[in-house]
Amino acid sequence: GARAYAEQLRERAPTGTPCPAFDVLMLGIGPEGHVASLFPHTDGIGAADTVVAVFDSPKPPPTRISLTLAAIGKSREVWIIASGQSKADAVARTMNPETAPEDVPAAGARGTERTLLFADQAAASSV
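Residues numbered from 1 in each chain as written. Predicted model: local features only at pLDDT ≥ 70, side-chain atom pairs only at ≥ 80, totals over all residues. Heavy atoms only, no water.

Here's the deal with the environment of Leu38
Among the secondary structure elements, Leu38 is positioned in the loop between strand S1 (24-28) and strand S2 (51-54). Judged by relative accessible area, which is 1%, Leu38 ranks as buried. Here the alpha-carbon distance between Leu38 and Ile65, two residues 27 residues apart in the chain, equals 9.6 Å. Apart from the residues within four sequence positions on either side, Leu38 is in contact with Gly44, Ile45, Val52, Ser66, Leu67, Thr68, Leu69, Ile72 and Pro105. (Helix = DSSP H or I, 4+ residues; strand = E, 2+ residues; numbered from the N terminus. Buried < 20%, exposed > 50% of the residue type's maximum accessible area, 1.4 Å probe, protein only. Contact = heavy atoms within 4.5 Å.)

Listed below in structure tokens is the structure:
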């Protein structure tokens with residue numbers, strides 16, 4: 001499935017590039033800072049490919065397909081949406097420039113032109 005998705009992206013990308021540059025890519029954030037299906041300290045975080053297969057996900061379903069940070073980083077704008085107190089620590093860590101993407105994958109989700117983090121009052125309470 002991951003290879004098929006990567007091929008679909010490649011077919012829609014400019015010649016010689018593996019992935020189209022999305023205008024806006026909107027992502028949710030998990031309480032531990034995951035985005036897409038990239039969870040802390042998993043192999044997919046540092047992948048150079050555009051798409052990875054995720055096995056044994058800590059959150060159901062256990063098998064997933066995900067864009068990588070390399071693909072996410074081709075987006076003109078990345079918007080991260082956070083809601084609720086359970087996301088407060090992840091939001092604060094994402095906004096800290098010293099946070100490594102391996103620890104909080106959302107910290108590595110950046111657009112080429114702009115990155116926005118939309119948070120309600122509860123999710124922003126630790127910032």
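With respect to the sheet that holds strand S5 (residues 114-119)
Two modes of strand pairing occur in sheets, parallel and antiparallel, and in both the strands are linked by backbone hydrogen bonds. The strand order across the open sheet formed by three strands is S1-S4-S5, and the pairing between neighbours is parallel. Each end of this open sheet is capped by a strand with a single partner; those strands are S1 and S5. On average, each strand axis in the sheet is tilted by 20 degrees relative to the strand beside it, whichever way the strands run. (Pairing = 2+ DSSP bridges. Axes fitted to C-alpha atoms, helices over the stretch in contact; angles between N-to-C directions.)

Here we look at the nonpolar core
Formed by 28 residues in total, the largest nonpolar core has its most connected members in Leu27, Leu67, Leu69, Ile72 and Ala109. Within the residue set of this core, elements represented by two or more residues are helix H1 (2-12), S1, S2, helix H2 (69-72), strand S4 (77-82) and helix H3 (88-95). Those residues in contact with Leu67 that lie beyond four places of it in its chain are Tyr5, Leu9, Phe22, Leu25, Ala36, Leu38, Thr50, Val51 and Ile72. (Core = buried A, V, L, I, M, F, W, Y, C linked by side-chain atoms within 4.5 Å.)

Focus on the packing of aromatic side chains
In the structure shown here, the tally under the stated rule is one aromatic pair. Geometrically, the ring pair formed by Trp79 and Phe118 is edge-to-face, given 5.7 Å between the ring centres and 70 degrees between the ring planes. Remark: Phe118 occurs in strand S5 and Trp79 occurs in strand S4; sequence separation between them is 39 residues. Owing to a relative accessible area of 24%, Trp79 belongs among the partly exposed residues under this scheme. (Phe/Tyr/Trp six-rings, centres within 6.5 Å; stacked < 30°, edge-to-face > 60°.)

Observations regarding unusual backbone geometry
Glycine aside, residues mostly have negative phi, and peptide bonds are mostly found in the trans state. Cis rather than trans, the peptide bond between Pro60 and Pro61 has omega equal to -5 degrees. For Ala36, which is not glycine, the phi dihedral falls at a positive 50 degrees. Note that Ala36 resides in the loop between S1 and S2. Assessed through its relative accessible area of 31%, Ala36 is described here as partly exposed. The backbone phi angle of His41 is positive, close to 60 degrees, even though this residue is not glycine. Inspection of the secondary structure assignment puts His41 in the loop between S1 and S2. Relative accessible area serves as the criterion here: at 60%, His41 is assigned to the exposed category.

Description of the pattern of salt bridges
Tallied over the entire structure, the rule returns six salt bridges. Residue Arg76 is joined to Asp23 by a salt bridge in which the shortest nitrogen-to-oxygen separation is 3.6 Å. Placement of Arg76 in the loop between H2 and S4 and of Asp23 in the loop between H1 and S1 is noted, with a sequence separation of 53 residues between them. Look at Arg76 and you get partly exposed, because its relative accessible area is 30%. The residue Glu77 makes a salt bridge to Arg114 at a minimum N-O spacing of 3.2 Å. Here the residue Glu77 occupies a position in strand S4, and Arg114 occupies one in strand S5, the gap between them amounting to 37 residues. Given a relative accessible area of 40%, Arg114 falls into the partly exposed group. Overlapping salt bridges, with partners in common, bring together Asp23, Arg76, Glu77, Glu113 and Arg114 in one network. (Salt bridge = Lys/Arg side-chain N within 4 Å of Asp/Glu carboxyl O.)

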